[in-house]
Amino acid sequence: MRKIGLIGGMSFESSAVYYRMVNEAVRSHLGGLHSAEVLLHSVDFQSIVDLQLAGRWPDAAKRLADVARGLEAAGADCVLICTNTMHLVAEDVQAAIGVPLINIIDETAKAMTAAGIRRPLLLATRYTMEHGFYADRMAGLGIDVMVPSADDRTLVHDVIFKELCAGHVHDASREALHAVIAKAKAEGADAVILGCTEICLILDPDALALPGFDSTAIHAKAAVAFALDGATETTSKKAA
């Protein structure tokens, strides 16, 4: 089994989801009490948020690149940045290491392409929705991303940072997000990208007005596929 390196803590709420999903998938595939070989470096999220707010993306890139190099040195065979927003610096992080960086945007695009999706709504942080890196990369993969209106972008961003990252899930916010999705459906969206790794904490991708694509689950699944490439189910699993 290959070792998975996770750059987590952004926020730790979603990093915990990654850890659970990765281990559940390995156990499901291999059976018994198998779990994943995982190296997790959980950063202090506030230090990253401070760099985001100051627009100091090169400094953020250096910070995550240093973490990625540490994971590689510790034996990681791949690295995941466990947040959509910080994929703004993904190319810098990949350039700093010799093992694959499994890109959450690419993996989400693959899942949508396989499902025939072409015009999804992106729900994410303001940085992900507005900085262009996400939509541009998706466009290069044949997908035309929609984003909510300015007011709705503020709503989604605030739900993420003020509530979900702090461990708070409110029914009123869930209803507000459903309303944003309904608007997008009326405007021609054919799917919804849960494009922040915390959004799965408040929205069930299978209970939306449009097909939902949970980037957290997709990313974790891709990591497990890489880790188990060539692995086979155990005898105990097959017998079960």
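Located above this text is the structure these notes cover.
Residues numbered from 1 in each chain as written. Predicted model: local features only at pLDDT ≥ 70, side-chain atom pairs only at ≥ 80, totals over all residues. Heavy atoms only, no water.

Draft legend 1. Representation of the side chain of Asp 152 within the structure. Relative to the helices and strands, Asp 152 is located in helix α8 (residues 150–163). Its relative accessible area of 10% is what places Asp 152 among the buried residues. Every residue in contact with Asp 152, bar those within four places of it in the chain, is listed here: Val 180 and Lys 183. (Helix = DSSP H or I, 4+ residues; strand = E, 2+ residues; numbered from the N terminus. Buried < 20%, exposed > 50% of the residue type's maximum accessible area, 1.4 Å probe, protein only. Contact = heavy atoms within 4.5 Å.)

Draft legend 2. Layout of the pairing of strand β2 (residues 38–42). Of the strand pairs in this sheet, strand β1 (residues 4–8) and β2 are connected by 5 bridges, and their pairing is parallel. When the bridges of β2 are listed, Gly 5 appears paired with Leu 39. (Pairing = 2+ DSSP bridges.)

Draft legend 3. Representation of the sheet that holds strand β4 (residues 120–123) within the structure. Strand order in the open sheet formed by 3 strands is β4-β5-β6, and the pairing between neighbours is parallel. Of all strands in the sheet, those bounded by a partner on one side alone are β4 and β6 (212–214). Shown here is a sheet whose adjacent strand axes are inclined to one another by a mean of 20°, direction ignored. Two strands pair when backbone bridges link them, and β4 and strand β5 (residues 191–194) are joined in this way by 4 bridges, in the parallel orientation. Among the inter-strand pairings, Leu 122 is bridged to a residue of β5, identified as Ile 193. The strands that helix α10 (residues 215–227) touches are β5 and β6; relative to β6, the one it contacts most, it runs at about 50°. (Axes fitted to C-alpha atoms, helices over the stretch in contact; angles between N-to-C directions.)

Draft legend 4. Focus on helix α1 (residues 12–30). For α1, built from 19 residues, the straight-helix expectation of 27 Å at 1.5 Å per residue is met to within 8% by its first-to-last C-alpha distance of 27 Å. When α1 is considered as a whole, its buried residues turn out to be Ser 14, Ser 15, Val 17, Tyr 18, Met 21, Val 22, Asn 23, Val 26 and Leu 30. (Expected span 1.5 Å × (residues − 1).)

Draft legend 5. Local environment of helix α2 (residues 45–53). Residues of α2 that are buried include every one of Phe 45, Ile 48, Val 49, Leu 51 and Gln 52, and no others. One face of α2 carries all of its buried residues, which in axial projection span an arc of 160°. Next to the buried residues of α2 lie α3 (57–73), α6 (126–130) and α8. After α2 finishes, the residue Gly 55 shows a positive phi value of roughly 70°. (Arc of directions from axis to C-beta.)

Draft legend 6. Here's a closer look at unusual backbone geometry. At the junction of Met 10 and Ser 11, the peptide bond is cis and its omega measures out at 0° in the coordinates. Assignment of secondary structure puts Ser 11 in the loop between β1 and α1.

Draft legend 7. Structural view of the packing of aromatic side chains. Counted by the stated rule, this structure contains 4 aromatic pairs. On the numbers, 6.1 Å between centres and 15° between planes, the contact of Phe 45 with Phe 161 is stacked. Here Phe 161 lies in helix α8 and Phe 45 lies in helix α2, a separation of 116 residues in the sequence. The class of Phe 45 is buried, set by a relative accessible area of 17%. Given a relative accessible area of 22%, Phe 161 falls into the partly exposed group. Look at Trp 57 and Tyr 127: their rings are 5.5 Å apart centre to centre, the planes differ by 75°, and that puts the pair in the edge-to-face class. One end of the pair, Trp 57, is in helix α3; the other, Tyr 127, is in helix α6, with 70 residues separating them in the sequence. (Phe/Tyr/Trp six-rings, centres within 6.5 Å; stacked < 30°, edge-to-face > 60°.)

Remember, this is a structural readout, not a statement about activity or role.
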